[in-house]
Amino acid sequence: MRRQRFTSSTQFARICLRYDCVVYYVVRAARKHDAALLLGNGMKRLYFFNSFNSVLRLIVLVAQEAFADKVNTFCEAKQIHADVSAICFSGIGQWFMNAILWPTDAPSCPQWTNREAKISCSSQVPSSAVVVVDVSMASNFAVRDEFERYGAAAFFNTKRELVAVWIDHEEKMVLPPPAGVDRLHPKARDWEFAQWRFRVSCFFQGFAVGHLVSVHWGMSNSLLIGTRESLDPHHPLRELITPYIHGVITIDKSAIVNLGSERGAIVRIGALQMGDPPEQLIASLANQFKYETFPEFLASKGQFPPGMLESMPLYQDGLKLWNVIETFVKTYLSLFYNDGNSGLRSVTSDPDVVAFWCKCKATSEGFCNLPTLTFDNLVGYISTCIFYFTGVHELLGNVNFMTMMPRCLSGRIHKRDRFGDRPFQASIQDWYRIICVVTSTTLKSVPMLIPQQFRSASYFFNRASKDAMGAMRQLSKMNVPKCGAKSARDHRLGMCFQTYADSLVELSKEITAANETREHTFGCFNPKRLEISVSL
């Protein structure tokens, strides 16, 4: 079947807005967010698009208006213009960005953490490059004949300008064209196609590898197996963990069948060969995962130019969210275990916690570096899991806006000659498939992070009040981590969750205010948009 592509704004708008039920959201979004988007015609209330960009912006605003809790903050540079620099410095590319080290004894051999590009890349890296987003690993996977392989790396200078794109399978470094050349000039087309290949590769690495393998089949399975096989239902550690593994068994099994199978969504919206056993692909991707806390992850990125990493939303919002989560987990666990400042029992003296730790460590090779069980390491592990299930899952898995725009990214890379003189983009078939997958997996009702904390606080407050007469009697047993105690401890647990919820609300307001002044908005770590688990 011949693949069609978008040839006009009218065609694209007709596909996106063909049902009358969206007209309400079209008008409401336009009038609320940007009245200049539409031109009214007197009292008849007829509306007309001003330009192609208006169509694109309005479609995004419609989605944000209709599904405010399910989509990220709109950013025109990322979602419409597909600016590679914006995607890498304030989008999904932040997760894969690392600093470049230029050794003085080998100036022609630059190095960076988590390098995936072939060794032949080193001699071709521009001397002005200081950071790189390397998503070249997927070039090792064969694709069907009509598509190009994934795998690319983008290099940036101190001004955050894209200075080169490495195409890993072809072992070729593509440089920007001379200033002022026509868009159809061969060098301009090479540069445009290289950026397109990088964006698609970044999406594949983020969604298929980071989202599915690391978050779902790595972090969530590790915590789930350790919890269900080692902890009693009323164990205090399990009471802390349970909301964050809500629906994990169902969604992870569904992901293997519907996404990771031989004819699953990854293959059908992507370009991988259908004959390759999915288990081998998943195993090879899983080996790339390594457990580390978020501060350790940031430190492993290398030495950035002064102020560059600190100015990125990944660092600013991510560390704030991490600190709120870590403080909550530490406060909760210190009510039951010795944190070095109390007379309670240690975590190593609880056989259930010891069994839990060993089970989590044995779930996959990625957790073989899980450190020795201590109070601080237990806090770090639980905090990392929560951080992955909320913020990282949103960053790598919620690509609603990015997939709405056919020129932004796609699941596969068609051969260059298929495009002719058109801008590189997803075909209508590819765009429709990926929209269906994203819509069917992100609009499911899932408990949200902040409301769940208020519900947990109410639960513990109510549980404490039911046995107020025995509060002092239970308080005398504080040195024994007795599960389900209706006591003063339950009141302290309620206060713990209440404080956590209030901190998340304040952080949400802070991030919302920060986005008002940022060049490119970023909402992936805003607590008000985060689900409490990966069950979607």
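Residues numbered from 1 in each chain as written. Predicted model: local features only at pLDDT ≥ 70, side-chain atom pairs only at ≥ 80, totals over all residues. Heavy atoms only, no water.

Caption draft 1: Fine view of the overall build of the protein chain. Counting its regular elements, the protein chain contains 19 helices and seven strands. Looking at the protein chain as a whole, 55% of its 536 residues qualify as buried. For the protein chain, long-range pairs separated by at least 24 residues make up 70% of all intrachain contacts whose partners lie at least 6 apart in sequence. Here the protein chain has roughly 23400 Å² of accessible surface; of this, 54% comes from carbon and sulfur atoms. (Helix = DSSP H or I, 4+ residues; strand = E, 2+ residues; numbered from the N terminus. Buried < 20%, exposed > 50% of the residue type's maximum accessible area, 1.4 Å probe, protein only. Contact = heavy atoms within 4.5 Å. Areas by Shrake-Rupley, 256 points an atom, 1.4 Å probe, with all protein chains shown as cover.)

Caption draft 2: Main features of the pairing of strand 6 (residues 162-167). For strand 6, a buried count of six out of six residues is recorded, marking the element as mostly surrounded by other parts of the structure. Summarising the sheet, strand 5 (residues 152-156) and strand 6 pair through five bridges and their orientation is antiparallel. Bridge pairing links A152 to I167 in strand 6. Connecting strand 5 to the antiparallel partner strand 6 that follows it, the hairpin turn spans five residues, and R160 within it adopts a positive phi of roughly 65 degrees. (Pairing = 2+ DSSP bridges.)

Caption draft 3: Spatial organisation of the pattern of salt bridges. Tallying each qualifying case throughout the model produces 15 salt bridges. Across the salt bridge formed by E229 and K359, the nearest N and O atoms sit 3.1 Å from each other. You can see E229 sitting in helix 6 (residues 186-230) and its partner K359 sitting in helix 13 (residues 351-361), a full 130 residues away along the chain. A residue is classified by how much of its surface remains accessible, and E229, at 53% relative accessible area, is exposed. Residues participating in the shared-partner salt-bridge network are E148, E170, K172, R197 and K415. (Salt bridge = Lys/Arg side-chain N within 4 Å of Asp/Glu carboxyl O.)

Caption draft 4: Molecular detail of the packing of helix 6 against helix 14 (residues 375-397). Axis separation between helix 6 and helix 14 bottoms out at 10 Å; the angle between their running directions is 155 degrees. What the angle tells us is that helix 6 and helix 14 run roughly antiparallel. Handedness of the crossing formed by helix 6 with helix 14: left-handed. Contacts between helix 6 and helix 14 involve G206, F207, G210, H211, V215, H216, M219, S220, S222 and L223 on the former and, on the latter, Y381, I382, T384, C385, Y388, F389, V392, H393, L396 and G397. Residues that form the contact of helix 6 with helix 14 fall into these classes: 11 nonpolar, nine polar and no charged. (Axes fitted to C-alpha atoms, helices over the stretch in contact; angles between N-to-C directions. Parallel < 35°, antiparallel > 145°, perpendicular 65-115°, else oblique. Left-handed = near helix turned anticlockwise from the far one by under 90°. Nonpolar A, V, L, I, M, F, W, Y, C, P; charged D, E, K, R; others polar.)

Caption draft 5: Representation of the packing of helix 17 (residues 449-465) against helix 19 (residues 488-515) within the structure. Taken N-terminus to C-terminus, the directions of helix 17 and helix 19 make an angle of 160 degrees; their axes are 8 Å apart at the nearest point. In terms of their interaxial angle, helix 17 and helix 19 are classed as roughly antiparallel. Here helix 17 and helix 19 pass one another in a crossing that is left-handed. Packed against helix 17, whose contacting residues are L449, I450, Q453, F454, S456, A457, F460, F461, R463 and A464, the element helix 19 presents D490, H491, L493, G494, M495, F497, Q498, Y500, A501, D502, L504 and V505 at the interface.

Caption draft 6: Geometry of helix 17. Between its terminal C-alpha atoms helix 17 stretches 25 Å, which fits the 24 Å expected from 17 residues at 1.5 Å a residue. Of the residues making up helix 17, those classed as buried are L449, I450, Q452, Q453, S456, A457, F460, R463 and A464. Down the axis of helix 17, the buried side of the element spans an arc of 160 degrees, and every buried residue falls inside it. As for helix 17, its buried residues are in contact with helix 7 (236-241), helix 14 and helix 19. (Expected span 1.5 Å × (residues − 1). Arc of directions from axis to C-beta.)

Caption draft 7: Main features of the environment of T384. Note that T384 resides in helix 14. On the basis of relative accessible area, T384 is assigned to the buried category, the value being 1%. Those residues within four positions of T384 in sequence are excluded, and the remaining contacts are M219, Y291, E292, T293 and W322.

Caption draft 8: Representation of the confidence of the model for the protein chain in the model. With 78% of its residues at a pLDDT of at least 70, the protein chain reaches an overall mean of 82. Confidence drops under a pLDDT of 50 for residues 6-27, and excluding neighbours within four residues, the segment shows 34 contacts in the predicted structure. Low confidence marks residues 33-52, where pLDDT is under 50. Its contacts with residues over four positions away, or in another chain, come to 35 contacts. (pLDDT = per-residue confidence, 0-100.)

Caption draft 9: Layout of the nonpolar core. Membership of the largest hydrophobic core comes to 95 residues, with the highest contact counts inside it found for W95, F198, L237, F356, L378, Y381 and I382. For this core, the element with the most residues is helix 14, which contributes 13 residues. Not counting chain neighbours up to four residues away, the residues in contact with I382 comprise L223, L237, L240, I241, V329 and F356. Within the second largest apolar cluster, 38 residues are counted, among which are F193, V209, W217 and L285. (Core = buried A, V, L, I, M, F, W, Y, C linked by side-chain atoms within 4.5 Å.)

Caption draft 10: Spotlight on helix 8 (residues 248-258). All of the buried residues along helix 8 are V248, I251, D252 and A255. Considered in projection along helix 8, the buried side chains sweep an arc of 95 degrees and stay on one side of the axis. Residues of helix 8 that are exposed and angled more than 90 degrees away from the buried face: T250 and K253. On its buried side, helix 8 packs onto helix 6.

Caption draft 11: The pairing of strand 4 (residues 131-135), seen in detail. Most of strand 4 is tucked away, with five of its five residues classed as buried. Both faces of strand 4 are covered, namely the face carrying V131, V133 and V135 and the face carrying V132 and D134. Direction of pairing for strand 3 (residues 97-99) relative to strand 4: antiparallel, over a ladder of three bridges. Counted as the bridge partner of A99 is V131 from strand 4. As judged from the five bridges shared by strand 4 and strand 5, these two strands associate in the antiparallel manner. In the strand pairing of strand 5, V133 is matched with A154.

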